[in-house]
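Chain residues, written in single-letter form:
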Amino acid sequence: MKILVTGAKGFIGKNLITELKNQKYSDIYEYDMDSTLEELENYSKDCEFVFHLAGVNRPKDQKEFLEGNFGFTSVLIDNLKRFENKSPIMLASSIQALLDNPYGISKKAGEDLLLRYNKETHAKVFVYRFPNVFGKWCRPNYNSAVATFSYNIANDLPIAINDRNVVMNLIYIDDLVKELINALKNHENRIDEFCYVEPVYTVKLGEIVDLLYSFKESRNNRFIPNTQDLFTKKLYANYLSYLPIDQFSYDLKMNVDYRGSFTEFLKTPDRGQVSINISKPGIVKGNHWHHTKNEKFLVVSGIGVIRFRKIDDQNIIEYHVSGDKLQVVDIPPGYTHNIENLGDTDMVTVMWANETFDPERPDTIFVEV
């Protein structure tokens, strides 16, 4: 299929074209501001689907709204008519088409033009009124509060919030791209004349800012975001895309002594924490038990043995572990346990505990195995 994408270098266009190529669509005509009208004519001759994403949202002069959002749409439609090309057209409009402002008026004019074209030619049209869109590659300090706040917070720059209670309706770029490709396959979400992207997230601006700052702080407190909440999951992915290229990595606090080290890696409010334990050759760690806390040990490098003894029994149970064969060993409550490095190199163990460590209630009783 030959696909024409206007606004190809914009935020939505870049994400859409990338995924189209991922899905093996190869004949993509990319039209943007640096393209020529002659190129648009050539593309209009034989394209089989049009994603019309080009538009103006931050002009120097307000008259550019109509020129970019109505005038260019008119040029595109005239080309298709001239070549008698009735390929389907998708139009990126805005929820502001319902508002009486220069931008909204220009978007509404573009919608009306395309709907008239549909009635005149019976070419299928897909008119989407997008709310705010967020996600990777959105330009900060332009027309997206989420992109601006994400960029500024990730780069240690100040932000200005006039009203934390402002409610935003947001869609995520990957959800939008998925819907557009569904439209390409005639599986669009539609109500009457208009199509839509789902889900839409309704969130207060202050909540978004708080989440973004919590993402930044997660490098210090090691608490990862609650990715069970889909908006949080998507906002976190969006935030990471704005990290400075020299700040992808960050240090962890290693608790080091003669036995090796113990380092907390990740924490969650409800799923416990993950830590990395390094034991020197011949070292035994542990010799304690828990009432309720439980753990999982995974030796990823070196060789060793994990020993257990039920606290009211003398029988010792041994599990030999090695980085050559990855096995998870559960640490049940009521068993005192230890882990010994039997090799001549450091032994590295990934340890998960079902709760984050609370020094006020450690639930750790020291008893030799």
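Each value, and the rule that gives it
- All residue numbers here refer to positions counted from 1 along the written sequence of the relevant chain.
- pLDDT decides what is reported in this predicted model: residues at 70 or higher carry local features, side-chain atom pairs at 80 or more are listed and counted, and totals for whole chains, interfaces and linings draw on all residues regardless.
- Side-chain descriptors were evaluated using all non-hydrogen atoms of the structure, hydrogens and water having been removed beforehand.
- The helix and strand labels rest on DSSP assignments: H or I over at least four residues marks a helix, E over at least two residues marks a strand, and numbering proceeds from the N terminus.
- Using C-alpha atoms as the atom set, the radius of gyration is obtained and then compared with a globule rule of 2.2 Å times the number of residues to the power 0.38.
- Exposure classes here rest on a 1.4 Å probe applied to the protein chains alone. A residue is buried below 20% of its type maximum, exposed above 50%, and partly exposed in between.
- We call two residues contacting when some pair of their heavy atoms lies within 4.5 Å.
- Methods summary: accessible areas were calculated by the Shrake-Rupley approach with a probe of 1.4 Å, and residue burial reflects only the protein chains presented.
- Working convention for charge: Lys and Arg count positive, Asp and Glu count negative, and His plus the chain ends are omitted.
- Taken as the charge centre is NZ of Lys, CZ of Arg, CG of Asp or CD of Glu, depending on the residue.
- Helix axes are fitted only over the stretch in contact, all axes being lines through C-alpha atoms; the angle between N-to-C directions runs from 0 to 180 degrees.
- Roughly parallel here means an angle under 35 degrees, roughly antiparallel means over 145, roughly perpendicular means 65 to 115, and every remaining angle is called oblique.
- Crossing handedness is read from the near helix: turned anticlockwise from the far helix by less than a right angle, it gives a left-handed crossing, and turned clockwise, a right-handed one.
- Throughout, the ten residues Ala, Val, Leu, Ile, Met, Phe, Trp, Tyr, Cys and Pro are labelled nonpolar, Asp, Glu, Lys and Arg are labelled charged, and all others, Gly among them, are labelled polar.
- Whether two strands pair depends on DSSP finding at least two bridges between them.
- Each polar contact in these results corresponds to two N or O atoms within 3.5 Å; when the atoms are within protein, one needs to be able to donate a hydrogen and the other to accept it, and residues that are neighboring in sequence are counted only if both atoms are side-chain atoms.
- The definition of a nonpolar core used throughout is a set of buried Ala, Val, Leu, Ile, Met, Phe, Trp, Tyr and Cys residues joined through side-chain atoms within 4.5 Å.

1. A closer look at the overall build of the protein
Move 1: Summing up its helical and strand segments, the protein has eight helices and 21 strands in all.
Move 2: For a compact globule of 369 residues, the expected C-alpha radius of gyration is about 21 Å, and the protein comes in at 29 Å, more than 25% above that figure.
Move 3: Put simply, the protein has 369 residues, and 44% of those count as buried.
Move 4: Contacts spanning at least 24 positions in sequence make up 73% of the contacts within the protein whose residues lie at least 6 apart.
Move 5: Split by element, the accessible area of the protein, about 19800 Å² in all, is 51% carbon and sulfur.
Move 6: Within the protein, one finds 43 positive and 51 negative side-chain charges whose respective centroids are separated by 2 Å.

2. A word on the packing of helix α5 (residues 145-154) against helix α7 (residues 205-221)
Packed helix pairs are specified by the crossing angle of their axes together with the interaxial distance, meaning the distance between the axes.
Move 1: Close contact between α5 and α7 brings their axes to 10 Å; oriented N to C, the two are set at 30°. In terms of orientation, α5 lies roughly parallel with respect to α7. At the point where α5 passes α7, the crossing takes the right-handed sense. On α7, the residues that touch V146, F149, S150, I153 and A154 of α5 are L205, I208, V209, L212, Y213 and K216.
Move 2: Partitioned by chemical class, the residues of the contact of α5 with α7 number nine nonpolar, one polar and one charged.

3. Brief notes about the sheet that holds strand β21 (residues 365-366)
Move 1: The sheet built from five strands is open, its strands ordered β17-β16-β19-β14-β21 with antiparallel pairing. What marks the edges here is a single partner per strand, and that holds for β17 (316-322) and β21.
Move 2: Here strand β14 (residues 284-289) runs beside β21; their pairing, made up of two bridges, is antiparallel. Residue W289 lies in a different strand from β21, and its bridge partner there is I365.

4. Brief notes about the packing of α7 against helix α8 (residues 230-240)
Move 1: One way to put it is that α7 packs onto α8 with a least axis distance of 10 Å and a crossing angle of 60°. Relative to α8, α7 is oriented oblique. Between α7 and α8 lies a crossing whose hand is right-handed. Here α7 contributes I208, L211, L212, F215 and K216 to the contact with α8, which in turn contributes F231, T232, L235, Y236 and Y239.

5. Notes on the environment of R164
Move 1: Mapped onto the fold, R164 is located in the loop between α5 and β7 (167-172).
Move 2: Sequence separation between R164 and E207 is 43 residues; the distance between their C-alpha atoms is 7.6 Å.
Move 3: Excluding anything up to four places from it in sequence, R164 contacts K204, L205, G206, E207 and D210.
Move 4: Here the side chain of R164 touches D210 through a polar contact of 2.7 Å, side chain to side chain.

6. Examining the nonpolar core
Move 1: Core analysis: the biggest nonpolar cluster contains 51 residues, and F51, M90, F130 and L180 have the highest contact counts within it.
Move 2: With residues near it in sequence (within four places) discarded, M90 still touches F49, V50, F51, H52, L53, F126, Y128, F130 and L180.
Move 3: Listed in part, the 21 residues of the second largest apolar core include I77, L80, L113 and V127.

7. Observations regarding the side chain of S93
Move 1: When you line up the elements, S93 lands in strand β4 (residues 89-94).
Move 2: Judged by relative accessible area, which is 5%, S93 ranks as buried.
Move 3: Non-local contacts of S93, meaning those with residues more than four positions away in its chain, are made with K107, E111, V127, Y128, R129 and F130.

8. Details of α5
Move 1: Counting buried positions along α5 gives eight out of 10 residues, so the element sits mostly inside the fold.
Move 2: For α5, the complete set of buried residues consists of V146, A147, T148, F149, S150, N152, I153 and A154.
Move 3: Looking at the packing, one finds that the buried side of α5 touches β6 (132-134), β7, α7 and α8.

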